[in-house]
Each structure stands twice: as structure tokens, then as C-alpha cells.
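# What the coordinates show
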Amino acid sequence: MEQLAQERDRLLQASARGIGLLSLLASLVCLSFPGVLPLSTLLSTLPLFAITALCLTRLGSTRSLGWVVCGMAAGLGILAAVQLPLGTGGSSAVATSVVTLAGGGIAAFSIVLIRTLPRILLLAFGLTASTVLVELAAPGSGVISSQAATALLGWALCATFAYWLSASVPRAARQIHSIGRAHRAERQASETEAQRRQGARLLHDTVLATLTLLAHSGVGVAASALQQQAGDDARLLRQLRLGGTPVPQSSEHFNVDPVQETALGHTLESVKQRFGRMGLEVSWHGTGQVLLPSDVLDAFLLALAECLENVRRHAGVTDAHVTITDDETTVRAMVTDAGVGFSLDDIDSARLGFKDSVVGRLKEVGGNARLFSSPGSGTTVVLEVPR
Amino acid sequence: MSGARRAEDLRGAVTERRRLVGVPAQSTAGRAVVHANAHGATLGSAHLGLGAGVICAIQAAHGLITFAGNVDAYPNVVPVVLAWLLFIGAFATMSLSIATRGDRLPTWLFASYLAALASVVALDFVAIWPLQDIGSNATASVTAGFGLMTAVVQRPSRELVGAAIALFAAFVAAILVTTPLTAETVPAQLTVVSIAVFPPIVAVFAVRRFQRMVQLELDRVLVQSTVSAPRFAVGMLASEELARLDLAAEELLDSVASGRTALPLRPKLASTAASLATELRLHLIEGRRETWLYHAITESEQLGKSATLKDTGSLAGLLDPRQRDGLLSAIWMLVADKKKNLSSTAQVVIGPVLPRIDPSSRRTITVPIVITTTGVPRNRVDPSTWVAMAKVGRFADSTEKSSLRVDIECIVPNPAEH
């Protein structure tokens, strides 16, 4: 609102400058027409025109009242100067020539004079003074000459313009802020929805794995197994799409989110099936169902799947064992295989994606992973997460 | 993808920005703007249009009084009375249309209105032709110029300016043909032409600037909503984008499962699967890298053009809402605060974290924020910019290549302690 108020003032100032300078120019052109004013009088008003123009120009960029007072004084000075000596009454042509000066050039200052009482008083003074001076310049006629009436009209129009422009700003601001509130709500909803989708990491992990197999045209995996896996994943994605309920952040439920409940009801079982299709038989031992917070469970299962993927790719065996144990503080999974193994010194653990995908994910939730292996005697990975 | 007019390369860099005011057309906020407009919330424009009508009415009253005072001079008052009746009828129809239709003014109605105004001018000129002084006697034709202002909100600038120029030409032609140009008559002619032609042009200028100002404010307010975002946020388009990718993956997997797509996959489809997997992977981690400030800059039309951000450690996310508000306002005012056309830009570099000097302050860390600018002279900076910067932290300003540079020491809670 504060910035909008500043912008409003700038707009009013720029409008005042535009209207003022245009009117000033029109008036000067009229007065300069040969025969309207004696040359000496015209020349003597030129400095005053210059001052008024300068003040109007400055008005475009400053809120200072000094320029307004100075510009109004110079403008009124012109009105007086063109009809010197005062009281003798100018010609009708002169009076008409200064109408745009009084009703535009000087009245333009009123555009910045509507906010506070001192400014309004200054406006009233300028209005009265310029109308009276135009009236004095117009010879004869009744109550008010047409020239003075037009000058008065100019003041009325300028002040109405300024008032209306100012009054439109708070309306606009109110509407903008209600749109802003709607937008903030939308941002939060969007955030929650994205979190729900991103939170379904397990689901996306299997989708990504299947997509990667498809990216290699599905070579190396039985077509029927791949089809079944694709069907499972498509069903999961459809459920994610249809389920609009956001995930409770600290769900104590075993499942990652309610949408996946039916399909991932036996989470470990689905991991087993997935690897089964890809040719790795996984045997489970120990605790079957463990209750974990959803983010911990998520990390745990991802790390587990990553270890099994490593077994499938590198160990050269077709079966692996997973033993789950738990106590009051920790849930532990031991992944063992009787494969080729490797020397921990020879193979950079980063190459297996172990550090990022397994250790990193577990550390995020306060867990840890340890790797034991030597060539020829298989590999054991111990995964730990807090419960 | 219809609502998301942006393209991403593999690094996730936004290569094309959304137009308009940072509101995706399909989003709730975009709909909110459309919806609000439909219900007459024209962001102040409707009120401005009403003001234009009031100004026109004031001028019309003045014109009528002048006419009434001068009625004896007319050799034949019928044309001018007709002109006034026509004007009043057209103006009333126009006002009624704006009051009921709101923001829209159909072209046929506007064309009829212009035709009516042209007739008003013609009738008025016919009436005062024998008086041989257009400037002193024109009334309805001057008011017709003001009549153009009533459509200032609804019609494009060029139409109104075109009409004003036509009016100017009509006046000049009529004056040259009828009025002997002497020192006595010229001032009145010039004055009347100015009064008829300048106001609609000034109104067009003022209303356009008003609308631009309101758009800019809307942009700012919408971006302001990032201030309350969590440390890492996904941005307005992320969930739409993710939903799109999920759907594409679902369709592909479904067609494989149902056997519609034969295995092994054709190379083209395989590469589709590969790019889908890549995009999906990127979007799944996206929210964990980008902070509110990144989203603020990419979503805003104003900031997107002129501000760049380097925040490799995602440290902006650590700022509290007050600091964020200050930083966003400061950047905004530095780049948006120019009426000049010279383009000001700001580069914001956040981090790396300064080594701790005082070991007792384990609970906080100091994040240096450096704002370098181009085209922002030190003496043109709005004073409220400094107030905003002070909200972020202790700062020192200097001048680099004749443009402002600000170094801010921002103290934030240590994320390791929380």
C-alpha cells in the first residue's frame, strides 16, 4: 500500500506536469500571435513562463510544496503582467489567451493539492486568484465573463481528475490484496499437492525403475514380467491421481500415504515381488510388519531397494536375504547375499551409488548404513533407522 | 501443459518466462483474477471510468450554460439543440452500457457512439457556421471531445487517440474555412482546440499509467506470498508439472501393460520413456533445491526481467519472514522504482556462510548477501529501500561502476542447531 501510494503520487505529479506544460504552451502560442500583446509586455512575461515551466517540470519528480508555490506565483504573475496597468481592463483576446494558462497551466498544480488541509487551502487561493485575474482581464460583461468561467472549469476538472484518480487507488489496492490472499492460499495448496506427490517417493521409485527399463526398450527382462510391472505402476499412478487427500505429515501409519494403502499394504512384499520379476529372489526373515513414521519408512525402504538393486546387478546371484529386527529404539535390516563380493578398498563406494542413495537417504532421517564385504564371500549391508 | 508456458532444459533452468503478472492462467489465482473481473472487480478501472464520466458531465454542464447564455446570437438554434440532444442521448446510452456491461464495450456500440459524436460536432458546426467564429461559439463539439473519455477504460488507446486526432482535424478545417484569422479571433480558436483535444489524450495517458501501476502492484503482491513459504518450496507450477509427468508416465505404462505397445519398445518410444524418467526425477528433487526467493524471481514479471539470483547453498530459505519481506522489497524497489526507461538490474549473491567469529553464537550463523546493480545510481534510491534492507540485517552500501552495491550481513538461526 505504501509503495502504491508513492506510485499514485508519481502518477498525479506526472499528469500535472503533462497538463500544465501543454496548457502553458497553448497560452504562450496565443499570446505570441502578432497583435495580441505589445512586444515589450510579451518579452517581460517570458521569464515568468520559463519559471512556471521549470516548476511544472520539477513537479513531475518531487512532492515538495516549494515548486508548487513558486510555479503558482509565477503563473499568477503572468496573469497580472499581461493586463498592466491593472484595472484598465485588457482586451478580450488577451483574456482568452490566458484562459488555458489559468485553467490549465496554473490549475494543473491543483492535481497535487488535494491531500492535506494546507494544500487544499493553497488550492482555494490559487483558484480564487487566477479566476479573479482572468475576470479582471476580460472587459465588460455580466457577473462572470466566459473566460473566467472557462478558467474555473479548468480548476474544477483538474481537481475532479486528481480526486478521482486518488480514490480509485484504494479500491484497486483492496481488490489486489484479496487476490493476493487467494494466491497465498493457492500457493499453499500447490505446495501441499506437490509434497503429496513428491512424498510418494516409493511409488515414484518403482515407476522410475520401470521407466528406465522401458528406456532400454525392455531388453533383458521378460516381456510378461515387464507388462505386469507396468500394469502395477500404472494402477498406482492412477490411484495417486484420483486421491485428493493430502498426507498427514507425521503419519504413524505403516503406509506412505492413504492412497497407496491397498496396493502397498504389504510394502515389503511389493518390494519382494518387484525384484522377483526382475530375477532376484528375496527371502524375508524376522519381523514382518514394523510401524514407522512415513518419512523414515520411506527412506528405509528406498535404501533397502537400492541395496537389493546392487545385489541384482553386481553380485551375480539370483537370491538375497533380508533380515528385519527391531528393538525399542532402532529398526535394523540386514541384506546379505552369497555373491562375488568385493574388496571395500578396490571399489569406491560412491560408484555403487551407495553413499548418496543409501547412506544419504538414511542419514536424512537419523539412520545409518554399514557395508561389509570381501571378494568371494558375499556382501552384507546393515541398515539402521530410529523408530 | 496448457497453463504452464515455460520450457525447462535438463538443469531445470527456466528458459522462457510466463507472461502477464506471474499468475498461471489455469491456477486458482489466475482464475481468481478472471473471476474477480467478471464480478466487476476491475482493479479500480471501473471507478476511473466513472470518474471520466463525471468529468465529461461537468464539461457538458459548462457547455450547456455557455450555450444558454449565448442562445440569442444563433441565427438558427435547431442544429445546435439537436446536437445537444444527440450528445445527451449518446452519453446516457454509453453510461448505461458501462454500468450494466462493466468492462466490455462492443465494437459496434463504440462505433455507433463515435458516429453520434461526429454528428454532434457536425451539427454544432452547422449551427455556428454563420457566426464566423468557431472558437468563441463551439459548445457541443467541445464536449464531444470530452465524450471520448467515457470509453477510456474499455477501448484501446490508439482508437481514442485516433478519434481525438480526427476531432482536431475537423476543428482545424472548420476554423480555416469559416473564421477570419486576426489577433482578435486566433486566441479563442487555439484555446477551444486545446480544450477539445488535450483532455481525452491526457485521460488515455493517465488511465494507461494507472493500469500499469496496478498490474505492477498485483505482481508484487502475488510474489509477496513467497515470503511465508517453507525453507524449500516447490513453486506454483511444480505440482501441475508433476501431475502432468505422472499422467504421461501412467499412460505409457498402461499402454505397455495392456499390450497396446509391443515389447521391446520402438526406439522413439524408448527415448520418450527415458526423457520422462529424467524429467520426473528432476521434478521429484526440485522442491528440495529451490528457495522462496528463486520462486519469487521466476514467477514475477518484473523481477524475472531484471533480477538474477546466485544462491548455491539455498541459504535464502533460512531467512525469517521479516527478513524475506525486507529483502524482497529492497530488490523490488531497486529494479522497479524507475520511471525512466533505462533498464536497472540487480544481481543477488547469497553466501557462502561466514566463519564464526564469536564462538558463543553457536545458535546463529551469518549469511552475507551481496546485491550488485546496474543502472541504479546511489542518489536515486528511494529512502524506503534502506528501511527494507535494515530489516534483513546490517548493511553497507557502496558504488561500483557508478551503480549501487549493497553488502548485507544477515544473521539467521543455525540450521544445524534446530
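The rules behind each value
- Residues numbered from 1 in each chain as written.
- Chains lettered and ligands numbered in written order.
- Predicted model: local features only at pLDDT ≥ 70, side-chain atom pairs only at ≥ 80, totals over all residues.
- Contact = placed C-beta atoms within 7 Å.
- Helix = DSSP H or I, 4+ residues; strand = E, 2+ residues; numbered from the N terminus.
- Nonpolar A, V, L, I, M, F, W, Y, C, P; charged D, E, K, R; others polar.
- Axes fitted to C-alpha atoms, helices over the stretch in contact; angles between N-to-C directions.
- Parallel < 35°, antiparallel > 145°, perpendicular 65-115°, else oblique.
- Left-handed = near helix turned anticlockwise from the far one by under 90°.
- Pairing = 2+ DSSP bridges.
- pLDDT = per-residue confidence, 0-100.
- Buried ≥ 20, exposed ≤ 12 C-beta atoms within 10 Å, placed from the backbone.
- Expected span 1.5 Å × (residues − 1).

## Notes on the interface of chain A and chain B
Across the contact, 75 residues belong to chain A and 72 residues belong to chain B. For the side of chain A that touches chain B, the elements supplying multiple residues, two or more each, are α1 (2-32), α4 (92-97), α5 (99-106), α7 (146-199), α8 (201-215) and α9 (223-242) of chain A. Looking at the side of chain A that touches chain B residue by residue, the classes come out as 38 nonpolar, 24 polar and 13 charged.

## Some details on the packing of α7(A) against helix α2 (residues 45-69) of chain B
In contact at an axis separation of 9 Å, α7(A) and α2(B) are set at 170° when each is read in the N-to-C sense. Between α7(A) and α2(B), the interaxial angle falls into the category roughly antiparallel. Seen along the crossing, α7(A) lies across α2(B) with a hand that is right-handed. Across from S146(A), A149(A), L153(A), A156(A), L157(A), T160(A), F161(A), W164(A), A167(A), S168(A) and R171(A) in α7(A), the residues of α2(B) making contact are H47(B), L48(B), G51(B), V54(B), I55(B), I58(B), Q59(B), H62(B) and T66(B). The residue makeup of the contact of α7(A) with α2(B), split by class, is 11 nonpolar, eight polar and one charged.

## Focus: the sheet that holds strand β4 (residues 368-373) of chain A
Residue and element names in this part refer to chain A. Strand order in the open sheet formed by five strands is β1-β2-β3-β5-β4, and the pairing between neighbours is mixed. Bordering the open sheet on either side are β1 (281-286) and β4, each of which pairs with just one other strand. In this sheet, adjacent strand axes meet at a mean angle of 15° when their direction is disregarded. In terms of strand pairing, strand β3 (residues 330-337) meets strand β5 (residues 379-386) through eight bridges, oriented antiparallel. Residue R332 lies in a different strand from β5, and its bridge partner there is E384.

## Re the sheet that holds strand β2 (residues 345-350) of chain B
Either a parallel or an antiparallel arrangement is found when strands of a sheet pair, and the pairing is made through backbone hydrogen bonds. All names here are of chain B. Reading across the sheet, the five strands line up as β1-β2-β3-β5-β4 and stay open at both edges, with mixed pairing between neighbours. A strand with exactly one partner marks an edge of an open sheet, and here the two such strands are β1 (307-310) and β4 (394-400). Across this sheet, the average inter-strand angle for adjacent strands is 20°, counted without regard to direction. Bridge analysis of β2 against strand β3 (residues 364-374) gives six bridges, and the strand direction is antiparallel. By the bridge assignment, T345 is partnered in β3 with T374. Most of the contacts of helix α13 (residues 321-336) go to β2, to which it runs at about 150°, and overall it touches β1, β2, β3 and β5 (403-413).

## Structural notes on the confidence of the model for chain B
Residue and element names in this part refer to chain B. This prediction gives chain B a mean pLDDT of 82; 85% of its residues lie at or above 70. In this model, residues 1-28 is a region of pLDDT below 50 whose contacts with residues beyond four sequence positions or in other chains number 55 contacts. Model confidence for the complex is summarised by a pTM of 0.69, with the ipTM given as 0.75.

## A look at the confidence of the model for chain A
Of all residues in chain A, 83% have pLDDT values of 70 or greater, and the mean over the chain is 79. Predicted confidence for residues 244-266 of chain A stays below pLDDT 50, and this span has 43 contacts to residues more than four positions away or in other chains.

## Focus on the pairing of β3(A)
All names here are of chain A. Side chains V331, A333, V335 and D337 project from β3 onto a buried face, and the interleaved T330, R332, M334 and T336 project onto a face without burial. As paired elements, strand β2 (residues 319-326) and β3 share six bridges and run antiparallel to each other. The residue of β3 that forms the bridge with V322 is V335. Here β2 folds back onto β3, and the loop between the two strands holds three residues.

## Focus: α13(B)
In a regular helix each residue adds 1.5 Å, so 16 residues correspond to 22 Å; α13(B) covers 21 Å between its end C-alpha atoms and thus fits that length. The buried count for α13(B) comes to 13 of 16 residues, which makes it a mostly enclosed element.

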